[in-house]
Amino acid sequence: MPPVTLPTDRLRLAIQKSGRLSTDSLDLLKSCGIKIKAPKEKLLLHADNFPVDLLFVRDDDIPQLVMDGVCDLGIVGQNVLEESSLERRNAGSRHAYSVERVLDFGGCRLAIAIPEERPFSSLKDLEGLRIATSYPQLTGRFLAEQNIKADVVTLSGSVEIAPRLGLADAICDLVSSGSTLEANKLRAVETIFKSKAALIRSDRSLTAEKSHALDIMLSRIDGVQKAADAKYIMLHAPKAALAEIRKLLPGSENPTILPLAGDDTKVALHAVCQEAVFWETMESLKKAGASSILVLPIEKMML
Ligand code: PRT
Ligand code: ZN
């Protein structure tokens, strides 16, 4: 492919046009303060208030767009990324990229599944089977690593019905809740790859303007991701129980302690907890003497 000319002052980011990653990708950008008007009607959209242009495409095209340098950045599942990278490496095409951030969405696993009634005691039971998948590279690599000789049957979709149609004896497909496997009377016997969405970057060098914009974007993504689990907790604590209560707060440092008007025996405690605050934690806090416990979400965080 001939060298591609990209704008020198605006990042170009490829995201999935329509599918499981689209809403989360746009929500992430929105949380980073990047405003995009009326997405999806156009192929390319300019953010109003940040030097980034969005290219809306099929997820399968994103690794190629980034590896060929047509886009500076892309948000894509690690499953699609790794499959494409292996395929391109085997074909002798450019396959370099870097993962800038693994994101908090798009979680799934690529698993080998067999019909429920089929006996299975070890991976050796896969020997000689026909395994249907849309991920021939990842499946083939796993089988080779495990020294298992099996036939990989490549299908572009509806992999889960292949055993019922007699097209294959087993499948290797993405699983999240597991309900598709269950509905098709299949059971997962081995996870071969765990995946989340990732923000990837081309290996071509960025201009100073783009590099600066990327630094800001990454720092905002970190702020959003850190805040996702974090909570602001406020409670009243008897002074005598303060040390014990502080120990119960998940992932918090140096809380703010304030006097309570009209009550010398208690203080108000405010703290940022970096980890999720579960009902069990609140129950333990109450048991230790805390009262008026409030747990509030945090939208953004910059440490
Ligand atoms: O049109 P385009 O090519 O852009 O989209 P697509 O149809 O190829 O992909 P899409 O939107 O289905 O998925 C995009 C990405 O989401 C995938 O590449 C994964 O990184 C991620 N993801 C997360 C999933 C799942 N979870 C998932 N469960 N992708 C697909 N599935 C499918 C799976 O293939 C199976 O058919 O959902 C079914 C299983 O789900 P459960 O919940 O029943 O286990
Ligand atoms: Zn796709």
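Summary of the structure given here. (Residues numbered from 1 in each chain as written. Chains lettered and ligands numbered in written order. Predicted model: local features only at pLDDT ≥ 70, side-chain atom pairs only at ≥ 80, totals over all residues. Heavy atoms only, no water.)

**A few points about the overall build of the protein chain**
Spelled out, the test is: Note on conventions: DSSP H or I runs of at least 4 residues are helices, E runs of at least 2 residues are strands, and numbering of each starts at the N terminus. Our radius of gyration looks at C-alpha atoms and nothing else; its globule reference is 2.2 Å times the residue count to the power 0.38. Exposure is judged per residue with a 1.4 Å probe applied to protein chains only, and the accessible area is read against the type maximum: over 50% gives exposed, under 20% gives buried, and values in between give partly exposed. Residue contacts follow a heavy-atom distance rule, with two residues in contact if any of their heavy atoms lie within 4.5 Å. Only the protein chains shown count as cover for residues, with accessible areas throughout obtained via the Shrake-Rupley method and a probe of 1.4 Å. Positive charge is attributed to Lys and Arg, negative charge to Asp and Glu, and no charge count is given to His or to the chain ends. Lys charges are placed at NZ, Arg charges at CZ, Asp charges at CG and Glu charges at CD.
Secondary structure summary: the protein chain contains eight helices and 15 strands in total. A compact globule built from 303 residues should have a C-alpha radius of gyration of about 19 Å, whereas the protein chain, at 25 Å, is more than 25% larger. Principal axes of the C-alpha set define a box for the protein chain whose edges measure 75 × 55 × 35 Å. Taking all 303 residues of the protein chain together, the buried fraction comes to 44%. Once local pairs closer than 6 in sequence are excluded, the contacts in the protein chain between residues at least 24 apart make up 70%. Taken as a whole, the protein chain presents about 16200 Å² of accessible surface, with 51% of it coming from carbon and sulfur. If the 38 positive side-chain charges of the protein chain are averaged to one point and the 40 negative ones to another, these points end up 2 Å apart.

**With respect to the environment of C172**
With respect to the helices, strands and loops of the structure, C172 is situated in strand β9 (residues 170-175). Through-space distance from the C-alpha of C172 to that of T133 is 5.0 Å; in sequence the pair is 39 residues apart. Residue contacts for C172: discarding those within four places in its chain leaves L110, A111, I112, I131, A132, T133, S134, T139, V159 and I192.

**Regarding the site of ligand 1**
Just so we agree on the cut-off: Nearness is defined per residue: one heavy atom within 4 Å of the molecule or strand is enough. What qualifies as a polar contact is a pair of N or O atoms within 3.5 Å, subject to a donor-acceptor requirement within protein and to the restriction that residues adjacent in sequence count only when both atoms come from side chains. Ten residues, namely Ala, Val, Leu, Ile, Met, Phe, Trp, Tyr, Cys and Pro, are considered nonpolar, four, namely Asp, Glu, Lys and Arg, are considered charged, and the remaining ones, Gly among them, are considered polar. Domain segmentation is taken from an automatic or database assignment of domains.
Every one of the 22 residues lining ligand 1 counts as a neighbour, but D60, N79, S177, G178 and T180 are closest to it. Contact between ligand 1 and R58: an oxygen atom at 2.8 Å from a side-chain N or O atom of the residue. At 2.9 Å, a backbone N or O of S176 approaches an oxygen atom of ligand 1. Across the complex, the protein chains shield 79% of the 840 Å² of accessible surface that ligand 1 would expose by itself. Mapped onto the shell around ligand 1, the elements with two or more residues apiece are α3 (78-90), β9 and α5 (179-183). For the shell around ligand 1, the element with the highest residue contribution is β9, accounting for three residues. Class assignment of the residues belonging to the shell around ligand 1 gives a composition of five nonpolar, 12 polar and five charged. Here the shell around ligand 1 gathers at least three residues from each of two domains, domain 1 (11-106 + 197-227) and domain 2 (108-195).

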